[in-house]
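Chains, contacts and geometry: an overview
Next come the chains, spelled out residue by residue.
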Amino acid sequence: MYKQILARIRQGHRTIRFPKAVAPALPDRFRGRPCFDARLCRAECRAECRACSDACPVGAIDPLNKSIDLGKCIFCTDCMRACPGGAVAFSGDYRLAARSRRDLVITVDQETLILAQALDRRMKGLFGRSLKLRQVSAGGCGACEADVSVLGTIGWDWGRFGIQFVASPRHADGILVTGPVTKNMELALRKTWDAIPGPKIVIASGSCAIAGGPYAGHDQVLDGVESILPVDLYIPGCPPHPLTTLDGLLRLLGKIGRNGRVSRGD
Amino acid sequence: MTRARAGLAPIHNGNSIRLETIPTLGFGDFQDAILAAVGGGQRVCALFGAGTGKPDTTALYVVLADDAGNGLAAGRTEVAGSGFPSLTPRCPSVHLFEREIAEQFGIRAVGHPWFKPVRYSRSWTGRDAWDRPLPEAILPAVGDFYRVEGEQVHEVAVGPVHAGVIEPGHFRFQCHGEKVFHLEIALGYQHRGIEEAMERGPTARSIHYMETAAGDTTIGHATCYAQIVEAFSLTQKPARAQVLRGVALELERVANHVGDLGALSGDVGFLPTASFCGRIRGDFLNLTSLLCGNRFGRGFIRPGGVGFDVDRPLTDELSRRLHALERETADSINLLWDNQSVMARFEDTGPLSGETVVALGIVGPAARASGLMRDTRYDQPSGIYRFFQIPVSTCDSGDVFARAYVRWMEIQQSIAFIRSQLANLPPGETCAVPGALEPERLAVAINEGWRGEVCHVAITDKSGRFARYKIVDPSFHNWSGLAQALRDQEISDFPLCNKSFNLSYCGHDL
Ligand code: SF4
C-alpha cells in the first residue's frame, strides 16, 4: 500500500490541459497538414510536372491542379521527396478533421481551411456532454486502434468531455471505425451499426477508414466506411495523432472552434 | 556453422541465394527433410506455396531455422494436381501453413486433422481446396467448429466485434460450467490482401504495406522488408543505419511490453499500474516519434538504411527522456510483483508447457516464458545484433506471470541497449540507395519483433520483381498457443490469457 501511494506521488498529475491551455508540443518531425507552396509550384508548370503525383503511393494528389486529398493521404512524404522544386512541405498543424469529404481536399493556393464544424443544435444537445462510442476495427493495422484507445488513458483523458468507448453498441451514440472495411468485416460492421439506437453518428478514423488507405483498390476491401455508412466526421492520418482525433471530436461537440474556418498559417 | 541437410540449401539471415541452388526435392524427400530437421530441434520459420508457371503445379518452399547452429536452410518441392499428403499429423507446427497453402493455391492437404480455411478468401489460382461454388461469397468463421458434446457442456461464441477497442476475431469456447475444454479461434476478418499485392513489386506501395502489416510491429516488418530488398540488390547498408534500426526495434518492443503490462494489470483490476503504464507507453511511442515524426515508426525504416538521421541534440533529448521513463517504468511495474492479489491472478493461469511450445513452434516471449532459449536476436542475428547481443530473458512456469515477467526483463534489457547504442552511434551515412533487384533469387529476413520472430521470404522472377512475397508474423505461430493455454482454464480468465499473448489479428490475416 505504502509503495503504491509513493508511486502515485512520484508519477504525478499527467493529464494534458488542452484545450484550456495550448496543445502539447509535437516533435519537429511530426507530419501534420501538407501544403504546396504556390510560389514554388508555379501555375505555368503545374500541369506539366507530375513528380509528386507519380510518387504518391495512394493517388492522393491530383496530377493536374496538385490538390491533395487528406482523406487518402498516408503522410508518407514521398511527394515531398519527389518534388524537384521543393514545393511540398508538411506543417506541424495537427488540426485535420473535417465534416465533409470535400473539405479534406486542399488546393495549392487555398487560404481558408475548413475544419470540422459542430453538430447541429439538436445533436449537440444530445451528445455535447456525453458521447459514448463503439469502436469497430474493420481491417485496421492496429495503429489507429492504439492511438484512439490512448485517448482514454490518464495522459489525454477524454472522459473529461464525456467521451468514452463502451462495450456494447446498445449503449453507444455512434461508432468510430478504423480500417478500410474488409469484405470479411462488412457484415459485422453493418450489424453493429444496426444495433446502435438512433440518432447516431459515424466517425471514420484514419486514411484507411476514409478512403482505403494503402489498401485502396484491393479486391478484399471496400475503400472506406463511406461505401456502406454515412460519415459524420473524417479524421485523417496514418494513424491520426491522438491530438488530431481529440481536436476533431471537440470541434464536433462544439467545444472548440466556432464555424471551423481558419486561415492557413493560423 | 550449420551443415544444411541433404537437399536443403543453406542461407544466412538477410541474404539471398540463387534459386537454382535450391534443389527441387521429391515430395517425400521434402517432407522427410522437414521431419528430420524438426526432430533434430530445428524450427519451421515458413512453409509456403508459389506458382511455377505450369497451371497444375504448385511449388512449396520451406525455411528451417537451426537455432543451436545459428543457421537457416531453404528447401523446395513441387506438387502436381489437386492435393498433397499432409505433414501435420507427424509435425504439428506446420498445421496452419498447410491450411494457408490450401487456401491460397487451391490444393488439398490430404489427411490434415483440422482442414479449414485460414482467412476465408478465394484462392489465387481459381481452384478451391474445399470445392466451394464460385458465385457464393465466402464468409468468415462460417463452417464447422470443434464441438464437445455431453450433459452440461455448452458453447460460448465471442466476436468478431469485441467489448474493448481491439481487432476482430471469432472465439468459440467449449465449456463445462466455467471450465474451458477447448477454444477454437477463427480469424480472417482483417484480410486485406497484402501478400497478393506484393507480387510484381516493389512498387510505391510496398513499403507502406509492410509498415501496416501489423501496425504495432511497423519497425519489425519494415526492417525485414528493407533487408529483403537489400539482399536482392546486394546493398551494403551503413553501420549507422543498422544501429538506428536496432534502437527503433527496441523502442517498439519497450512501448508494447509496457502497454501490455499495464493492460494485464487492468485486467486483474489493479488500477495504479494500469493507468501509469498507459501513459508511459505513450511516452515511449513519443520517443519513436522524435526519431521520425510518427509514434509507430512510419517512415523510419527504408530500404538501404533509415529515413531520418539523428543529431547530437536529438540523441541527448532521447537519452534524457529515456532516463526519466526508465525510473517511472520500474516504479510502476514493480508494484505488480509486490502485490499479492495481482500475483494470485497471474500465477498458474494459462500455463503453456515447453513441449507444447516446441510442438507448435511458438515464438517470442511466449516461448521464452515456457523456458525456451528462443530469441532470433541471439539465434539468427542480423544488423546490429551481430555485434551487440541482448541477453535472452526466460522464465519457466509458462503461465501469465511468466509471460508478464519475461516482458519486464526484456524492457530493462532493451532500455539498457538503447542507452548504450545512442551513446556510441557510429558516424557516417544513414541510407544507401539500393539498386535493381537481382532476378531469380530467394531471400530470407528474420527479426525478433516484440511478439517474436518476424520472418519474410521473397522470390524474384526473371525480371527482378517479386514472384512471391511471404510474410510470417509471430502471431501466425502463436494463436494456437493461446488456444492451448486456455485448456482447463476458467473462461473468465480468457481476457487475461489473451492479453498475456496479445497477438495480432492483422498480422495474421494480412
Ligand atoms: S504524403 Fe500523402 S500525398 Fe504525399 S505521397 Fe504520401 S500519401 Fe501521397
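Note: the structure precedes this text.
The sections below set out a description of the structure shown in this document. Just so we're clear, the structure is a prediction, and the values are computed from it rather than from any experiment. (Residues numbered from 1 in each chain as written. Chains lettered and ligands numbered in written order. Predicted model: local features only at pLDDT ≥ 70, side-chain atom pairs only at ≥ 80, totals over all residues. Heavy atoms only, no water.)

1. A closer look at the interface of chain B and chain A
If you look at the interface, chain B gives 63 residues, while chain A gives 55 residues. Note on chain B versus chain A: buried area summed over both sides is about 4,500 Å², and carbon and sulfur give 54% of it. Three residues stand out in chain B for area buried against chain A, namely Val165(B), Arg192(B) and Arg205(B), and they jointly supply 15% of the buried area on that side. Our enumeration of links across chain B and chain A arrives at four salt bridges. (Contact = heavy atoms within 4.5 Å. Buried area = accessible area lost by both parts, 1.4 Å probe. Salt bridge = Lys/Arg side-chain N within 4 Å of Asp/Glu carboxyl O.)

2. Looking at the site of the ligand
In the vicinity of the ligand lie 13 residues, with Cys56(A), Cys73(A), Cys76(A), Thr77(A) and Cys79(A) positioned nearest. Its residues assigned to classes, the shell around the ligand shows 11 nonpolar, one polar and one charged. (Near = heavy atom within 4 Å. Nonpolar A, V, L, I, M, F, W, Y, C, P; charged D, E, K, R; others polar.)

3. Examining the side chain of Glu145(A)
Here Glu145(A) shows up in helix α6 (residues 143-149). Ignoring sequence-local partners within four residues, the contact set of Glu145(A) consists of Gln135(A), Ser137(A), Gly140(A), Thr178(A) and Val165(B). (Helix = DSSP H or I, 4+ residues; strand = E, 2+ residues; numbered from the N terminus.)

4. Let's talk about a nonpolar patch on the surface
Residue and element names in this part refer to chain A. Taken together, the side chains of Met1, Ile5 and Ile9 define a hydrophobic patch exposed on the protein surface, amounting to about 370 Å² of accessible area. With respect to the helices, strands and loops of the structure, Ile9 is situated in helix α1 (residues 2-11). Residue class for Ile9 comes out exposed when judged on its relative accessible area of 62%. (Patch = residues over 30% accessible without salt bridge, like charges linked within 9 Å, V, L, I, M, F, W, Y side chains within 5 Å. Areas by Shrake-Rupley, 256 points an atom, 1.4 Å probe, with all protein chains shown as cover. Buried < 20%, exposed > 50% of the residue type's maximum accessible area, 1.4 Å probe, protein only.)

5. Considerations on the packing of aromatic side chains
Residues and elements named next belong to chain B. Applying the stated criterion to the full structure yields 23 aromatic pairs over all chains. Here the aromatic rings of Phe171 and Trp479 are separated by 6.2 Å at their centres, their planes lie at 55 degrees, and the arrangement is tilted. Of this pair, Phe171 sits in strand β10 (residues 170-176) while Trp479 sits in helix α14 (residues 474-485), and the two are 308 residues apart along the sequence. Like Phe171, the residue Trp479 is buried in the burial classification. Between Phe466 and Tyr469 the ring centres are 5.1 Å apart and the planes differ by 70 degrees, which places this aromatic pair in the edge-to-face class. Through pairs of rings, three or more aromatic residues link up here, namely Phe171, Phe173, Trp479, Phe494 and Tyr505. (Phe/Tyr/Trp six-rings, centres within 6.5 Å; stacked < 30°, edge-to-face > 60°.)

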